[in-house]
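Commentary on secondary and tertiary structure
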Amino acid sequence: MQLLLFLFVIAGVLTQVHCNARNVRAVINPVGNILNNCAELEKLCGNYVDIKTNKLSMLDCVNALSPSQLETLSDKCQHSCWHQQRMLLTEQWLNEQFTKNCTNESDRLSPCLNAVDMWSCLKERVDQLPNNNKCRSYMRHVHRLLFPDYDVVGDFLAACDTHVEQLECGRLNIEHRSMSQWETVQCLHETGFDVIDDSCKKAISRIQMQRQEYEFFEICAADLQRLCGQEHPGTPAAFKCLVKNKSNPSLSRQCADQISLRDREIGKDYKVSHGLAKACKDDIKLHHCRRGVSDDKQVRLAQILLCLESVTKNGTKLAPECHAEIADHRRMLLEDYQLSPEILTDCADDIPKFCGQIDKRQNVVGGSIGGEIIHCLMENARTKRRHVTAQCQRTLETLIKVSDAGEDWRVDPVLHRACKPVVDIACRDIDGGDARVISCLMENIGTQVMRPDCEQALLLIQYFVARNFKLDPQLYKHCHDDAIKYCNAKHVWDDVTDAQMDPERAPLILPCLHRIAYSDNAEESLRKDCFKEVKRVMRQRAISVDLIPEVEDVCIEDLSSLCIDDTKKGAEMECLQDNLEKLQPKCKEAVSAYTEEEAAHVELNPVIMSVCSEAMKRHCEHIIKGGKDKGDMMECLIYHKNDADLRQDLKCRAAIEHFQIISLKNYHFTYKFKQACRQNVQRFCAASTTKNEVVACLSEVMRNDTIRGQKHSITKECRQQVKSQLYQQRESISLDPKLARACKNELEQFCAAERGPGQVNINAVECLTMHTPQLGNTCHHAVFMIKKSELGDSDTDYTLINTCKEMIYKFCPNTDSIHILDCLKTYKDDPLFDSRCHLVVVNRMIEQNTDFRFNPKLQQACGQNIDRYCSDIIATAQPNEELNGKVIHCLKDKFRESRLDHDCAQEMIKILQEQALNYKLNPLLQNFCKSEIEVLCKQSLNIKEDHGLIEECLKTAFLNQKIINRDCKIEVAGLIAEAKADIHVDPMLEEACTVDLLRYCSNVKSGNGRKLKCLQTLLQDQSTALEEDCRLKLKRRIEMFRNADTVLAQPPENVEQLVTQVVTSPAKKFFLVILMTAVGMVFLMGIFLGRVTKRAMNIKNK
C-alpha cells in the first residue's frame, strides 16, 4: 500500500514537471509553424516577402488586414497570431532581441526587464536613443506590433495565459478596437468558463468592465466632443462631465440610456466607477470598507460611501482625491435615482404612482431630471401625505444618509438650483461644507430673501436629517461625546447593526440632549459648544412639525384631519395646540410635552422668534446674554407687550397673545408657573384641569389666608406667579375664555365698541363692570369673581396697574403691590394726580362699597362684627352677587350706636369719610335718592368733582324738609346721625372746624362723638370763641341731629332695642331722672304700704 502511494506521488510530480516544461516551450517555441495553421494568411500577405522567416513581418501583415479579412482566418490561425503578439511582452523574448539587435544598448535597456511596466520603461529609454540608431528603429517597430492596450492587459495575460493556451482561445482584435482582448475573453467565457480559476475570472470581469466603458464612450463620443470637449474619452472626468449634462436636452437618447445603465452598474458595484475605485483604493483597504466581502464579489456603492463618510465623521482624513470622488458620487446619488438599486426595487411601485409625470418626461428626454424624482418621493414620504410604502420610506432615509445631504447643500441638485439665488444674497459669506450654508438657509426661512421653492426643497432634506442626529455635521461633531455619555448613542458614525438613531425603533438623541441642556441636575451638563448647537438645531427645527419627529410621528392622523391647510412657518404646531382637546391621546401627550418645552425655551416657537426678534433684543437682551432660557424670555415679552413700541407691533403682540391663549389649556404650558406652583396645585387644586381653574383655585386659597390673617399656605414664588396670571387674564377677554363664554351675549350687547386688533374686546372687563346691573346671572357671577379678585389684590388689576403706572411710581414706590389701591386712594385728590388714574381709583372705590367682600381690609377688621350683627344679611344673599352695600349699611347702624370694635370702627370711619366726599361710593344712597339728587342737587351734580357737595345738598334738603321719599329721608338721616358718632365722617363740618378742634379739642380722644361734644359745649358756653363758619355749620348740624333723631326714632320691638334707644337718645339724662324718680316713688310707696300692712296685721293678731 505504501509503495502504491509512493508511485502515485512520483507520477503526479512528473506530470507537473512535464506540463510546466510544455508551457515554457510554448512560450519560447510555438507549436509548429504559424503558417502551418494559417494557409489563408500566406495568401493575404503575399506582398510581404519575408513573411515565412520574419515573424515581425507576419504581424505587420496581420495588423494591416481589414476586419473582413481577419474574420476569414481560422480560430487556430488567430490563436497562433495572438500567441506571437503575446510573446512580444515576455522577458525571455526581449532578452533574445537585446542579444541580436540591441547588443550595444543592452546594458541601458536591461533594467527595464524588472520594471512594473516593462514596455513603458523601454519606450521611454528607446526614445532617448539617436534617431539613426538601429536598436531604436527595431524596438519602435516592435512597439507598434504590441497589443494596443498592452499597458492595461498585463493582469489579464498573467492570470489567464495558461487557460488561453490550453483552450486555444487567443483571438485577434478584428474590429481594431482599443480593447485588444475582448474576442479572447469571449472565447474563454464561451468554451471553458467552468474550468477557469478565480484569478482569471476576476481578470475577465475587469476586461468586461473595460469593454462596457469602451462601448459607453463609443456611443457617447459625439456628445462628449460637443458637451465636454476638454475631457479625454475613457477618463473619470469625461464620465462625470457627461453625468452633469444628463438633463441637457441636447444629449442624445442613446448616450442618456448608457449613462443610466452605467449608473445602475455603479450602484451595484463601486468598482465600475474607476475614478472612485482608483482614488479611494488605499482608504478602502485601510479602513476595511469591504466588510468581509471577498474580492470577487460586488460591493455596493452605498456601503463604500457610508464607510468612507464614517471615517471622516470620526476624525480621520482621507486622501484629497478620494474626498473629491466621494463628493461627486454623493451628488450623483441624489441626481439620478437609478444609481441606487434599492430605490429601483423598494420604490418600484411608488415612482409611477406618485411621480409618473416626471418619469414620463424622463423617458422622453432620457436620463433623470436633476433629482426631481427623488424629491417627488421625499415629498410623498412626509407625514401629512406619507403615501409611499414603508420600504420606500426606509430606502429614502438610507439614501439621505449615504449621500450625506445634510452636510453640503450643493450635493442635492434640486436644492442647489432652488436655493442658489438665496445663498448668493443671504449666505454669500458662508463657507460650504459642515452644513454651514444649510444652517444659514434655515435661519432665513420666513425672511424676505427666502424663495418658496428653496424653502420646500430645504425642508424636504431637513425632514430626513431631523430623524437622525448623525446627519447634522455640526451637531454630531460637537455633541458626539455627550450623546454617548447621556443618550446611549453609538461610538461609530456608520454602524449597520445600529437601529438606535431610527426614531421609530429607539429613543431620539436630540430630545435627550435638549433635556440635558436644561437639566437642573448639576451632574448632567453639556459642553458649551454642544449646548449652542442643540439650541440652534431645536430653533431651526421648530419651524415645521415635520422636523419634530417625536410629535409628527404620532400625530399623522390629526395633522391630516385637522391641519391639512396649515402650511406657514410654525402653523402646524399652532394648529395642533389650538385643537389640543380634539387630538388623539398619544398625539395630545406629545404636543403637550412639546408645548411645555416651548414655554420654557422660546427658541422652539418659530412664530415668536421670527416676529419678535427685535422686541427681544430691545427689551430682553439680558436674557439673550444669559444663555439659558427657562421661561424668562416669554415672561419678559408678556411684561413688555403693552409698551408703546409693541402696541404698534401687531404681529409680535398677536404671537405673544396666541401663546398666552394656548397656555390656558394647561398650567404646565407656563414654565415659571408650573415650576413655582406644582406642589401647591397637587395639594389644593388637584381636581382643576385648565390653567384658569388652577389660578382661580390658588387665588381663593391665598385670599382666604389673607382675610383670616393666617400664614400663607401657598409659597411666595407661587403667589407671585398666580398674581401674574390673574393680571394677564384681565388684559383681554381672549385670555379668559370662561368669562368670554359666560358673557358672550353681554359683550355683543354692551361692549361691541370696545374692540382692538383682531376684534378682541380689550376693555371687556371694565365695560362689563360698568353694566353690572344689566348683566345676566351667569355673566354677573363671572364678573363678580373677577372684581373680588382684583379688589382683593391690586397686583392683579390690569387696568389699575397700567393706567396708574406713573402715579404708582410717584406716590407709592415702596408700597406692597397688594395695597396699591389703598395707597392711591390716599393721594387721589392731590393736584398732581393723573385724571385717568383718578377715575379708575374712584371706580374701584365704588365697586368696593357695593360689597364688603370686595374690601379685604374691612373683612379683616370687621369680620367678628359682621358675624355678630349682620349674619342674617349674608345668610339670605345670593352667591356671587353683590350685596349692594347692605352689610356696610348694617355696620353703619352699629357704628352710630358705638357698638363696633375699635379696629372695625376705624375702618368704618375711612369708608364713611370716602362716601361723604363722593355719594357714588354709597350704593344705597344712590339707589334711594336718585330722583332727589337729579332734582334738588342738579347744580352740584354738574360739577366734575363731588368733594361732598351732593351729600351736603341732601342734608340741607333734609333740614328744609324737601325730601319726600321716606327711604331717601331715612338714608340721609342716617348720614347725619353718623356724624354724631365721629366728626371725622362729616368732612364738611370737620373742615370748617379744623382750627377750633386743634385749639380747644386737641386733647379729646376721637370716637363716640367726643370731639363733637367738645364743640357743642363750646357753642353753649362761649359760642364767640368758635370760628364763624364752624359756629354756623355746627348750629345747622345740631338742628339736623334733632330732625334726624325724629326720623330715625322707631318704637322698640324688645327690651334690648328700648335700652339702645334710651342710651343713644340726646335726652337720655331726662329718661334717667324719670327712671330714678319712678324707682324712688316705688321705694317710698313700698315703705309706706309696708307700715300700714304691718299695723293692720298687728291689730288683727290682737
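About the thresholds
Residues numbered from 1 in each chain as written. Predicted model: local features only at pLDDT ≥ 70, side-chain atom pairs only at ≥ 80, totals over all residues. Heavy atoms only, no water. Helix = DSSP H or I, 4+ residues; strand = E, 2+ residues; numbered from the N terminus. Buried < 20%, exposed > 50% of the residue type's maximum accessible area, 1.4 Å probe, protein only. Salt bridge = Lys/Arg side-chain N within 4 Å of Asp/Glu carboxyl O. Axes fitted to C-alpha atoms, helices over the stretch in contact; angles between N-to-C directions. Parallel < 35°, antiparallel > 145°, perpendicular 65-115°, else oblique. Left-handed = near helix turned anticlockwise from the far one by under 90°. Contact = heavy atoms within 4.5 Å. Nonpolar A, V, L, I, M, F, W, Y, C, P; charged D, E, K, R; others polar. Phe/Tyr/Trp six-rings, centres within 6.5 Å; stacked < 30°, edge-to-face > 60°. Patch = residues over 30% accessible without salt bridge, like charges linked within 9 Å, V, L, I, M, F, W, Y side chains within 5 Å. Areas by Shrake-Rupley, 256 points an atom, 1.4 Å probe, with all protein chains shown as cover. Expected span 1.5 Å × (residues − 1). Disulfide = S-S within 2.5 Å. Core = buried A, V, L, I, M, F, W, Y, C linked by side-chain atoms within 4.5 Å. pLDDT = per-residue confidence, 0-100.

Let us look at the overall build of the protein chain. When you go through the protein chain residue by residue, the secondary structure sums to 67 helices and zero strands. In the protein chain, buried positions account for 50% of the 1102 residues.

Attention now moves to the pattern of salt bridges. One pass over the full model with this rule turns up 49 salt bridges. Among the salt bridges present, the one from Glu397 reaches Arg394, with a minimum N-O distance of 2.7 Å. Of this pair, Glu397 and Arg394 are both found in helix α25 (residues 390-403), three residues apart, which corresponds to roughly one turn of the helix. Its relative accessible area of 21% is what places Glu397 among the partly exposed residues. For Arg394, a relative accessible area of 25% gives the class partly exposed. Among the charged side chains, a network of salt bridges with common partners joins Glu951, Glu952, Lys955, Asp986 and Arg1037.

The axes of two packed helices give the description: the angle between them and the distance between them. The geometry of helix α24 (residues 372-379) relative to helix α28 (residues 452-465) is characterised by a closest axis approach of 10 Å and an angle of 65° between their N-to-C directions. On the basis of their axis angle, the class for α24 and α28 is roughly perpendicular. Where α24 crosses over α28, the handedness of that crossing is left-handed. Mapping the contact onto sequence places His375, Met378 and Glu379 in α24 and Gln456, Ala457, Leu460, Ile461 and Phe464 in α28. Of the residues belonging to the contact of α24 with α28, the class tally is five nonpolar, two polar and one charged.

To continue, consider the packing of aromatic side chains. For any pair of aromatic rings, geometry is given as the distance between the ring centres together with the angle between the planes. With the rule as written, the count across this model stands at 10 aromatic pairs. Taken together, a centroid distance of 6.2 Å and an interplanar angle of 35° make the contact between Trp82 and Phe147 tilted. Taken together, the residues span a long stretch of sequence, with Trp82 in helix α6 (residues 75-87) and Phe147 in the loop between α10 (134-145) and α11 (154-167) at a distance of 65 residues. Accessibility expressed as a relative area gives 3% for Phe147, which makes it buried. Seen from their ring centres, Tyr667 and Phe673 are 6.0 Å apart, and the 80° between their planes marks the pair as edge-to-face. As far as burial versus exposure is concerned, Tyr667 and Phe673 are alike and both buried. Within the aromatic cluster, the residues linked to one another by ring pairs are Phe216, Phe217 and Phe239.

Nonpolar side chains collect at one region of the surface, where Leu1072, Leu1075, Met1076 and Val1079 lie side by side and expose about 400 Å² of accessible area between them. Residue position: Met1076 is located in helix α67 (residues 1068-1101). You can call Met1076 exposed: its relative accessible area is 54%.

One full turn of an α-helix is made of 3.6 residues, so residues set three or four places apart face in the same direction. Between its terminal C-alpha atoms helix α48 (residues 777-792) stretches 22 Å, which fits the 22 Å expected from 16 residues at 1.5 Å a residue. Within α48, 12 of the 16 residues are buried, which leaves it mostly tucked inside the rest of the structure. Of the positions making up α48, those classed as buried are Cys779, His780, Ala782, Val783, Phe784, Ile786, Lys787, Lys788, Ser789, Glu790, Leu791 and Gly792.

For the structure on display, the rule yields 32 disulfides. There is a disulfide in this structure between Cys555 and Cys587, and the S-S distance comes to 2.0 Å. Residues Cys555 and Cys587 are joined by a disulfide whose S-S torsion is about 105°; by sign, that bridge is right-handed. Residue Cys555 is found in the loop between α32 (549-552) and α33 (556-562), and its partner Cys587 is found in helix α35 (residues 585-600); the two are separated by 32 residues along the sequence. Both residues of the pair, Cys555 and Cys587, belong to the buried class. Across a sulfur-sulfur distance of 2.1 Å, Cys937 and Cys953 are joined as a disulfide pair. Judged by the sign of its S-S torsion, about -95°, the bond between Cys937 and Cys953 is left-handed.

Next up on the list: helix α43 (residues 691-708). With 18 residues, α43 ought to run about 26 Å at 1.5 Å a step, and its terminal C-alpha atoms sit 26 Å apart, in line with that. For α43, the complete set of buried residues consists of Lys691, Asn692, Val694, Val695, Cys697, Leu698, Ser699, Val701, Met702, Arg703, Asp705 and Ile707. Contacts made by the buried residues of α43 are with α41 (650-663), α42 (671-684), α44 (716-731), α45 (737-742), α48 and α53 (856-869). Positive phi shows up at Gly709, right after α43, with a value of about 70°.

It is worth spelling out the packing of helix α13 (residues 198-219) against helix α16 (residues 253-268) at this point. At a closest axis distance of 9 Å, the pairing of α13 and α16 adopts a crossing angle of 155°. When the axes of α13 and α16 are compared, the pair comes out roughly antiparallel. In the crossing of α13 with α16, the sense of the turn from one axis to the other is left-handed. The segment α13 lies against α16, with Glu213, Phe216 and Ile219 engaging Gln254, Cys255, Gln258, Ile259 and Arg262.

Ranked by internal contacts, the top residues of the largest apolar core, which has 87 residues, are Leu242, Leu308, Leu377 and Leu441. No other element matches the nine residues that α28 contributes to this core.

Time to look at the environment of Glu407. By the secondary structure assignment, Glu407 is in the loop between α25 and α26 (413-426). Each C-alpha atom, one on Glu407 and one on Val437, is 8.9 Å from the other, the two residues being 30 residues apart in sequence. Not counting the four nearest positions on each side in its chain, Glu407 is found in contact with Lys313, Arg330, Gly433, Asp434, Ala435 and Pro473.

With that out of the way, let us pick up the environment of Gln166. Here Gln166 is to be found in helix α11. Classification of Gln166 by relative accessible area gives exposed; the value is 51%. C-alpha separation for the pair Gln166 and Gly192, spaced 26 residues apart in sequence, amounts to 9.7 Å.

Our next topic: unusual backbone geometry. Peptide bonds are mostly trans, and most non-glycine residues show a negative phi. For His288, which is not a glycine, the phi torsion comes out positive at approximately 55°. Turning to its location among the elements, His288 is positioned in the loop between α18 (281-286) and α19 (301-313). By relative accessible area, which is 61% here, His288 ends up exposed. For Ser898, which is not a glycine, the phi torsion comes out positive at approximately 55°. Tracing the chain through its elements places Ser898 in the loop between α55 (886-896) and α56 (902-917). Residue Ser898 is classed as partly exposed on the basis of its relative accessible area, which comes to 39%.

In this section: the environment of Glu335. Tracing the backbone shows Glu335 in helix α20 (residues 320-335). Separated by 88 residues in sequence, Glu335 and Ser247 place their C-alpha atoms 9.7 Å apart.

This brings us to the side chain of Lys894. Mapping Lys894 onto the fold places it in helix α55. Residue Lys894 is classed as buried on the basis of its relative accessible area of 17%. With residues near it in sequence (within four places) discarded, Lys894 still touches Tyr869, Arg899 and Leu900.

Per-residue confidence for the protein chain gives a mean pLDDT of 80; residues scoring 70 or more make up 88%. With pLDDT under 50 throughout, residues 756-760 is counted as low confidence; its partners more than four residues away or in other chains account for seven contacts.

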